[in-house]
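Residues per chain are reported as follows:
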Amino acid sequence: MGASPEAETVAIADSRVTIHMAASLDGFIARKDGSVDWLETSDEFADGVTMEPEFVEAFLKTIDCYVMGSRTYETALNFEAKGLGWAYGDKPVFVLSSRELPRSRDTVEFHSGDLAQFVNGRLRPRFGAIWFVGGGVVSGECLRLGLADEVRYSILPILIGDGIRFFEKLDRNIALHLTEVRAYKTGMVALCYEVLRHRGKSERAT
Ligand SMILES: NC(=O)c1ccc[n+]([C@@H]2O[C@H](COP(=O)([O-])OP(=O)(O)OC[C@H]3O[C@@H](n4cnc5c(N)ncnc54)[C@H](OP(=O)(O)O)[C@@H]3O)[C@@H](O)[C@H]2O)c1
């Protein structure tokens, strides 16, 4: 039996869409050719905190599902083929694509079509913590459509000059409220922002 309209309304109000990626200080998530070799940096920040594996494990458990673009999925498949593992555990992974792609495991589902309808109509009633994990095209689309509640941006201590931007093709300003800042021993700085939809809508980028 399906959930009542009231129950779905509660679930939608409780759900949260987060965009999370790591980027260079100059705002790129990958080089133009898609490579992310530069994610491994060797900085040390004495006052930073250590990312304890138990903390990461507990944190990942709070995520209910992942959403990603097809190019990010293809990168994840390549990583797996190289023996680097699958970063999304046994959580559902929704891949946005208009193409036929190989389905690597039962937890992967493909979607094409209206993204707002998919997130608000299908994901929000089912999942609390919905994580968009890239890439730049999908995170830009998610923000343009007003679907994101939160942006988590991990800045790595490196400049790479050119590449795929964290948010591709944004057509307006998006007002944010900084909610968390954490500096790690590795020199990475993790920022968390709440998306202020009401202000963002009326501010046109110049
Ligand atoms: N640094 C990080 O944390 C991080 C995180 C994630 C990814 N990355 C990197 O970013 C790169 C990929 O980013 P990207 O911006 O090029 O691509 P992307 O956002 O991963 O994927 C874009 C593709 O997804 C499909 N798509 C997007 N929106 C859709 C929708 N609403 N419905 C159906 N399909 C949709 C389209 O492809 P088709 O329809 O043609 O399939 C589109 O070209 C990779 O190199 C990856 O390694 C880095």
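In what follows, the structure referred to is the one given above.
Residues numbered from 1 in each chain as written. Predicted model: local features only at pLDDT ≥ 70, side-chain atom pairs only at ≥ 80, totals over all residues. Heavy atoms only, no water.

Trainee: Would you mind showing me how to read the nonpolar core here?
Mentor: Of all hydrophobic cores here, the largest spans 28 residues; its most connected members are Leu123, Ile130, Phe132 and Phe166. Going through the elements one at a time, β1 (16–24), β3 (65–69), β4 (93–96), α4 (115–123), β6 (129–132), α5 (136–144), β7 (150–156) and β10 (189–195) are the ones with two or more residues in this core. If near-sequence neighbours (up to four positions away) are discounted, Leu123 is found in contact with Val67, Phe94, Phe118 and Ile130. Of all hydrophobic cores here, the second largest spans 15 residues; its members include Ile63, Ala76, Leu77 and Val133. (Core = buried A, V, L, I, M, F, W, Y, C linked by side-chain atoms within 4.5 Å. Buried < 20%, exposed > 50% of the residue type's maximum accessible area, 1.4 Å probe, protein only. Helix = DSSP H or I, 4+ residues; strand = E, 2+ residues; numbered from the N terminus. Contact = heavy atoms within 4.5 Å.)

Trainee: I would appreciate a short explanation of the packing of aromatic side chains in the present structure.
Mentor: Between two aromatic rings, the relevant description is the distance of the centres plus the angle of the planes. Taken as a whole and judged by the stated rule, the model has 10 aromatic pairs. Their ring planes at 80° and their centres at 5.2 Å tell us that Trp86 and Tyr88 sit as a pair that is edge-to-face. Residue classification places Trp86 among the buried residues on the basis of a relative accessible area of 14%. Of the residues examined, Tyr88 reaches a relative accessible area of 13% and is grouped as buried. Summarising the aromatic geometry, the rings of Phe94 and Phe118 are spaced 5.6 Å apart at their centres and angled 70° between planes, so their arrangement reads as edge-to-face. Placement of the pair is Phe94 in strand β4 and Phe118 in helix α4, with a sequence separation of 24 residues. On the basis of relative accessible area, Phe94 is assigned to the buried category, the value being 1%. Relative accessible area serves as the criterion here: at 3%, Phe118 is assigned to the buried category. What links up through ring pairs into an aromatic cluster is the set Tyr66, Tyr73, Trp86, Tyr88 and Phe110. (Phe/Tyr/Trp six-rings, centres within 6.5 Å; stacked < 30°, edge-to-face > 60°.)

Honestly, it's all geometry; don't read function into it.
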